[in-house]
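Inside the fold
This is what each chain is made of:
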Amino acid sequence: LTSLIASPVASAAPSVASAQRDVDRLRTLAAEKFEAANEANIRIKQLEKESTALVAKEAVLKEQLNASSEILARIAIANFQGHGFGKTVDLMFSADPTQYLSDASVLEIISRGYSQELQQFTRNKQKVEASRYVVSDKTELLKREKLRLNKEVASARAALAKAEKILKSLKKEDRERLALQEAARENKILSDSKKYAASYSGDNTRGSIALKYALKQIGDIYVWAAAGPTRWDCSGLTMRAYQTAGVSLPHSSRIQVRYGKPVSYNSLKPGDLLFFGKPISHVSMYMGGGKMVHAPRPGKRVEVINITKRFGSKPFVGARRL
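Here's a quick rundown of the structure. On a predicted model such as this, the values are computed, not experimentally measured, just so you know. (Residues numbered from 1 in each chain as written. Predicted model: local features only at pLDDT ≥ 70, side-chain atom pairs only at ≥ 80, totals over all residues. Heavy atoms only, no water.)

**Side note on the overall build of the protein chain**
If you tally the helices and strands in the protein chain, you get eight helices and nine strands. A burial count over the protein chain gives 43% of its 322 residues as buried. In the protein chain, 66% of the contacts between residues at least 6 apart in sequence involve partners at least 24 apart. When the accessible area of the protein chain is evaluated, it comes to approximately 17500 Å², of which 54% is carbon and sulfur surface. (Helix = DSSP H or I, 4+ residues; strand = E, 2+ residues; numbered from the N terminus. Buried < 20%, exposed > 50% of the residue type's maximum accessible area, 1.4 Å probe, protein only. Contact = heavy atoms within 4.5 Å. Areas by Shrake-Rupley, 256 points an atom, 1.4 Å probe, with all protein chains shown as cover.)

Pasting the structure below:
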């Protein structure tokens, strides 16, 4: 980008054509990063759910450990005072006696006559220690996923900022001309997309029901992490479309690819999900007739375009039928 903005001889604005190419590329890059962020968001939610469950489980284990610990401690007191356990009921209600358990000789005495209680204490202690390790591991994973999320979002916003910088570097008249050209291009795509959508009748299969919903969103703008009702990103659109057909999908193209069954490029049916990129960073929905509907990237709207085996720089990597 540096070579486009400045040269060693004189500062010069990029040509309108090169500016448009770079702006489109950077906005597409932003969409890729946003999809990576969607996956990180889902992982964070799952890890938070698992962590909450583990903390609750650990609290129960600690209660069990404290209960078995206190039983052993009171048994120890009774033995040390030379009384039978049954004759020292009053000791069962004395102030915290758990300090006795730190003495090896106490545990030895206990183990002679109360091996079952000692075994339970040991099992509870091991469970608590194991639980602490698991909670610690989950916490570390959560931290890493949050860092990853922040990194992907920052990268996406940086790409959009670079695109904006390129536009601002153009002369005013060139910037206005570019805006008019882009508007004309998008209006043509919108007009054609509405015609394609109106021509689709479909049936009552899951794929067709989902596709009809997606086609109703033609013209809605792309917004990262949006899933309706008037703003969408690529996986938000497919997620909500299939929800209307009774299928629950996560808000991530990288995870949606694990659902349904794989279908070949030559066997596509309306409603099949199409995945692009390595790693996957875009999902669209096959319409039939060599067309697909999708929410492409920042700066664009939900549209119908020709399907190819390469969407921009992203190769087609597979299709799934739900």
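**Quick look at the pairing of strand β6 (residues 291–294)**
The alternating pattern of β6 places K291 and V293 and M292 and H294 on opposite faces, both of which are buried. Two elements, strand β5 (residues 282–288) and β6, share three bridges in a ladder whose sense is antiparallel. Bridged to Y286 within β6 is M292. Here β6 pairs with strand β7 (residues 303–306) via four bridges, running antiparallel. Each residue of the ladder has a partner; that of H294, found in β7, is E303. (Pairing = 2+ DSSP bridges.)

**Notes on the packing of aromatic side chains**
One pass over the full model with this rule turns up five aromatic pairs. With centroids separated by 5.7 Å and ring planes inclined at 70°, the aromatic side chains of F276 and F316 adopt a geometry described as edge-to-face. A residue pair is termed long-range when its members are at least 10 positions apart, and F276 in strand β4 (residues 273–276) and F316 in strand β9 (residues 314–321) qualify at 40 residues. Overall, F276 belongs to the buried group, its relative accessible area being 0%. Among the aromatic residues, ring-to-ring pairing joins Y265, F276, F311 and F316 into one connected group. When the ring centre of Y265 is taken as reference, the NZ or CZ atom of K309 above it lies at 4.8 Å. (Phe/Tyr/Trp six-rings, centres within 6.5 Å; stacked < 30°, edge-to-face > 60°. Lys NZ or Arg CZ within 6 Å of the ring centre and 35° of its normal.)

**Notes on the environment of K62**
Position of K62 among the secondary structure elements: in helix α2 (residues 16–80). Sequence separation between K62 and K125 is 63 residues; the distance between their C-alpha atoms is 8.2 Å. In contact with K62, other than residues within four places in its own chain, are V128 and R132.

**As for the environment of R157**
With respect to the secondary-structure elements, R157 resides in helix α4 (residues 115–169). It is 6.8 Å that separates the C-alpha atoms of R157 and A30, two residues lying 127 residues apart in sequence.

**So, the pattern of salt bridges**
Under the counting rule described, the total for this entry stands at 18 salt bridges. Across the pair E32 and K314 runs a salt bridge, and its minimum N-O distance is 3.2 Å. Of this pair, E32 sits in helix α2 while K314 is found in strand β9, placing the two residues 282 residues apart along the sequence. For E32, a relative accessible area of 21% translates into the label partly exposed. By relative accessible area, which is 4% here, K314 ends up buried. Linking K33 and E152 is a salt bridge whose minimum nitrogen-to-oxygen distance equals 3.9 Å. A residue pair is termed long-range when its members are at least 10 positions apart, and K33 in helix α2 and E152 in helix α4 qualify at 119 residues. Relative accessible area serves as the criterion here: at 27%, K33 is assigned to the partly exposed category. The buried category is assigned to E152, whose relative accessible area is 14%. Each of the salt bridges in this network shares a partner with another, and the network as a whole consists of D24, R27, E182, R185, E186, R297, K300 and E303. (Salt bridge = Lys/Arg side-chain N within 4 Å of Asp/Glu carboxyl O.)

The values are spatial; any link to function lies outside them.
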